[in-house]
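Inside the fold
Here's the letter readout for the chains.
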Amino acid sequence: MIYYILRRLLAAIPTLLAVLTLVFVLVRIVPGDPAIAILGDQATPAAVAALDHKLGLDKPMWQQYVDFLGNSLSGDFGQSMITGRPIISEVGAVIAYTANLTLAALLIGCIIGIPLGVWAALNRNRTIDYAARLVSLIGLSFPVFVSGIYMLLLFALHWHLFPVIGSAPAATVLDQLNRLVLPAATLGIVMSAYITRVTRSAMLAVLGEDYIRTARAKGVPWRRVVWHHALRNAAMPVVTVVGLYIGILIGNSVLTEIVFNRPGLGSIIVAALNNRDYTMLQGLMVIYCFLIVVVNLLTDLTYGLIDPRVQHG
Amino acid sequence: MKRARRFIRTHPATSLGILLCALVVAGAVLAPWIAPYDPNDQNIVDRFQPPSGDYWLGTDSYGRDVLSRILWGAQISLLVAVTSIAAAIVIGGTIGMVSGYVGGRVDLLIMQVMDVLLSFPSLILGLIVVALLGPDLVNMVFAIALTAIAPFARIARAPVLSLKEQTFVEAGRALGFSHTRILFVHVLPNIMSEVLVMGSLWMATAVRTEASLSFIGLGVKPPTATWGSMMREGFENILDAPWLAFWPGIAILILVLGLNMVGDGLRDATDPRLRGET
């Protein structure tokens with residue numbers, strides 16, 4: 001297992017370098033001088049030169065690139081141009097909110113999506129199957145800001161079950177949970193729609209295998225065949241897709257946080273967009289890259305946990 | 001007529017998808033004639049009117065007719081989705097085909113870059129690209145196309161790997177055809193269907209991304225009506241006028257659901273192995 005983890009860690013390094021390079025290129029292809037964009041057209045050349053120097057933009061391109069890589073890999077993501085605070089501490093202050101939201105959504109997605117997918121697969125081409133497919137298609141067609149707003153309209157405005165916009169700091173754990181319900185449900189719906197679809201098709205593929213027939217033939221209870229023999233083998237593609245969609249989940253959490261006025265990476269990124277805070281945007285992109293690479297790594301490690309064959313492969 | 005009826009009976013979901021898409025296209029094309037009001041006509045006396053006989057879906061904070069704005073907004077959604085995905089198909093498809101055809105280290109390098117693009121959350125990538133370039137229609141199309149290039153490169157590359165070993169490619173070489181001619185005249189038709197199926201599914205994503213960017217405020221500049229920006233306005237006035245946020249959402253849902261249903265149907269039709277499986 002240790003070797004497997006080490007191998008995956010080593011394999012993540014080139015990906016990380018490539019993604020960092022992409023971020024560097026993206027930020028550099030922007031037309032115009034960021035210093036002028038920040039200071040405005042009326043800025044004196046001296047002021048522009050000073051800011052260029054402060055941002056390191058007066059160095060040769062290769063040097064900027066090397067500095068950027070070195071700083072990013074050593075955990076220095078730079079400072080916000082607006083507040084002057086290190087990006088890592090701005091992110092650190094709110095990352096827990098985004099993490100809670102994403103994990104809760106993932107949990108909801110699995111709790112709804114996996115049983116529904118299994119159920120649909122067992123009832124292939126019957127009403128239940130068609131209904132599950134239609135519902136999951138509708139679920140993944142909703143942009144999250146639309147479903148989020150509909151949640152607000154229904155549960156907060158119509159039924160008054162939840163606060164519309166919770167801006168006051170949550171005092172108790174119960175308060176925090178109460179505030180998590182609607183945003184997590186909004187994201188969880190999308191996630192469960194994706195998980196239902198992939199679980200269904202993975203189960204359909206597995207249920208036709210010989211070992212399922214063998215298990216039934218030797219008298220293993222059907223329930224155990226489904227949940228133990230079949231689902232365990234269908235879990236690989238499901239984990240793959242879940243890992244891929246965590247990226248989508250993180251992207252969508254931005255919209256969810258806006259709609260529900262939650263603190264998190266989303267609110268930071270929107271503030272950075274509005275303030276044209278280039279260093280902040282670059283830093284956030286780097287942090288997103290790290291998150292994605294970590295998620296991919298965790299996905300790979302999950303393979304090793306659920307399928308012992310992987311470690312030796 | 002008989003064939004149409006049979007198609008509807010055997011492919012109910014796809015038919016519904018076509019109907020939903022046709023509805024939106026008709027609304028967009030006919031908007032100048034069927035929209036009851038000018039979409040940008042402000043009528044401050046009639047602001048925040050709930051849905052009524054005069055204003056079927058109500059009015060917004062400037063007294064503009066919501067129905068008319070939704071109809072005109074369909075044009076933007078369709079325009080962005082079609083152009084950005086067309087661009088992604090042309091650019092991504094070409095990259096993937098050439099990469100697979102050339103093979104070797106070039107292929108390895110190109111696909112590594114595509115994997116990197118693929119691993120980035122598309123919404124975040126689109127958001128940052130539009131923010132850096134400045135919010136307008138062209139930049140938004142560019143940003144959405146950029147997020148969709150990698151998947152098209154992948155789907156175009158995979159079949160080329162086996163196609164280039166086929167006899168007809170060898171025959172083309174023996175006849176002295178150039179690589180360009182072989183690739184675009186002889187190989188391209190073989191991968192077209194797969195790419196187009198993906199195109200319809202990605203159009204749905206493009207509509208969603210466009211609406212999301214507009215919702216964040218990075219879309220086409222106001223007062224142009226877009227569904228995302230209308231949702232934003234409705235969201236800001238959610239306590240006074242809940243219908244403002246409701247109707248544009250339904251419009252987005254109709255188009256995205258329709259495109260997804262058509263895409264699923266096309267995929268089932270082109271790939272019998274997957275029929276009814278996903």
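For the structure, check the block above.
Below is a short write-up of the structure.

What counts, and at which threshold
- Residues numbered from 1 in each chain as written.
- Chains lettered and ligands numbered in written order.
- Predicted model: local features only at pLDDT ≥ 70, side-chain atom pairs only at ≥ 80, totals over all residues.
- Heavy atoms only, no water.
- Helix = DSSP H or I, 4+ residues; strand = E, 2+ residues; numbered from the N terminus.
- Contact = heavy atoms within 4.5 Å.
- Areas by Shrake-Rupley, 256 points an atom, 1.4 Å probe, with all protein chains shown as cover.
- Lys, Arg positive; Asp, Glu negative; His and termini not counted.
- Charge placed at Lys NZ, Arg CZ, Asp CG, Glu CD.
- Salt bridge = Lys/Arg side-chain N within 4 Å of Asp/Glu carboxyl O.
- Polar contact = N/O pair within 3.5 Å; in protein donor to acceptor, adjacent residues only side chain to side chain.
- Nonpolar A, V, L, I, M, F, W, Y, C, P; charged D, E, K, R; others polar.
- Expected span 1.5 Å × (residues − 1).
- Bend = angle between axes of the 7 residues up to and from the residue.
- Buried < 20%, exposed > 50% of the residue type's maximum accessible area, 1.4 Å probe, protein only.
- 1 Å grid on protein atoms, 1.4 Å probe; cavity = no way out; pocket = protein on both sides within 12 Å on 5 of 7 lines; lining within 4 Å.
- Points joined across faces, edges and corners; volume = space filled by probe spheres on them.
- Axes fitted to C-alpha atoms, helices over the stretch in contact; angles between N-to-C directions.
- Parallel < 35°, antiparallel > 145°, perpendicular 65-115°, else oblique.

Glancing now at the overall build of chain A. Check the secondary structure of chain A and you find 13 helices and zero strands. In chain A, the succession of helices and strands from N to C terminus is α-α-α-α-α-α-α-α-α-α-α-α-α. Dimensions along the principal axes, computed over C-alpha positions, put chain A at roughly 85 × 55 × 35 Å. Looking at chain A alone, contacts between residues at least 24 apart form 75% of all its contacts between residues at least 6 apart. For chain A, the accessible surface area stands at approximately 15500 Å², while carbon and sulfur atoms represent 66% of it. Averaging the coordinates of the 21 positive side-chain charges in chain A and doing the same for the 15 negative ones gives two points 18 Å apart.

With that settled, consider the interface of chain B and chain A. Taken together, the contacts link 46 residues of chain B with 48 residues of chain A. When the shortest N-O distance is used, the salt bridge between B:D264 and A:R197 registers 3.2 Å. Counting across the interface, chain B meets chain A through five residue pairs in polar contact (both at pLDDT 80 or more). For the side of chain B that touches chain A, the leading source of residues is helix α10 (residues 243–270) of chain B, giving twelve residues. A breakdown of the residues in the side of chain B that touches chain A according to their chemical character gives 31 nonpolar, nine polar and six charged.

Scanning the model with the defined rule gives nine salt bridges over all chains in all. One salt-bridge network, held together by shared partners, links A:D129, A:R133 and A:R200.

Residue and element names in this part refer to chain B. Along its 23 residues, helix α2 (residues 12–34) runs just 29 Å from first to last C-alpha, ending more than 12% under the 33 Å computed at 1.5 Å per residue. Bending of α2 peaks at approximately 45° at the position of A28, with proline P32 no more than four residues after it. Along α2, the residues that are buried comprise T14, S15, G17, L20, C21, V24, G27, A28 and A31. Packed against the buried residues of α2 are α1 (2–10), α3 (66–102), α9 (227–236) and α10.

With that out of the way, let us pick up the side chain of A:T199. Along the chain, A:T199 falls in helix α8 (residues 173–207). Discounting residues that sit within four places of it in the chain, A:T199 has contacts with A:G113, A:I114, A:G117, A:V118, A:L231 and A:V238.

This paragraph deals with empty space enclosed by the protein. Residues and elements named next belong to chain B. Taken as a whole and assessed by the stated rule, the structure comprises three cavities of 30 Å³ or more. The space that makes up the largest cavity amounts to roughly 50 Å³. Residue lining of the largest cavity: D60, V66, R69, M230, E233, G234 and L244, and that is the complete set. In terms of residue count, α9 provides more of the lining of the largest cavity than any other element does, three residues in total.

Angle between the axes and distance between the axes: these two values describe a pair of packed helices. Put simply, helix α1 (residues 2–28) of chain A and helix α4 (residues 104–119) of chain B touch, their axes get as near as 10 Å, and they point 75° apart. Classified by the angle their axes make, α1(A) and α4(B) are roughly perpendicular. Contacts between α1(A) and α4(B) involve A:T15, A:A18, A:V19 and A:L22 from the former and B:Q112, B:V116, B:L117 and B:S119 from the latter.

Counting buried positions over the ten residues of α9(B) gives seven, a clear majority of the element. Listed in full, the buried residues belonging to α9(B) are B:W227, B:G228, B:M230, B:M231, B:E233, B:G234 and B:F235. Where α9(B) is buried, its residues touch α7 (144–158) and α10 (222–259) of chain A together with α2, α3, α8 (179–216) and α10 of chain B.

Shape is all these values report; function is a separate question.
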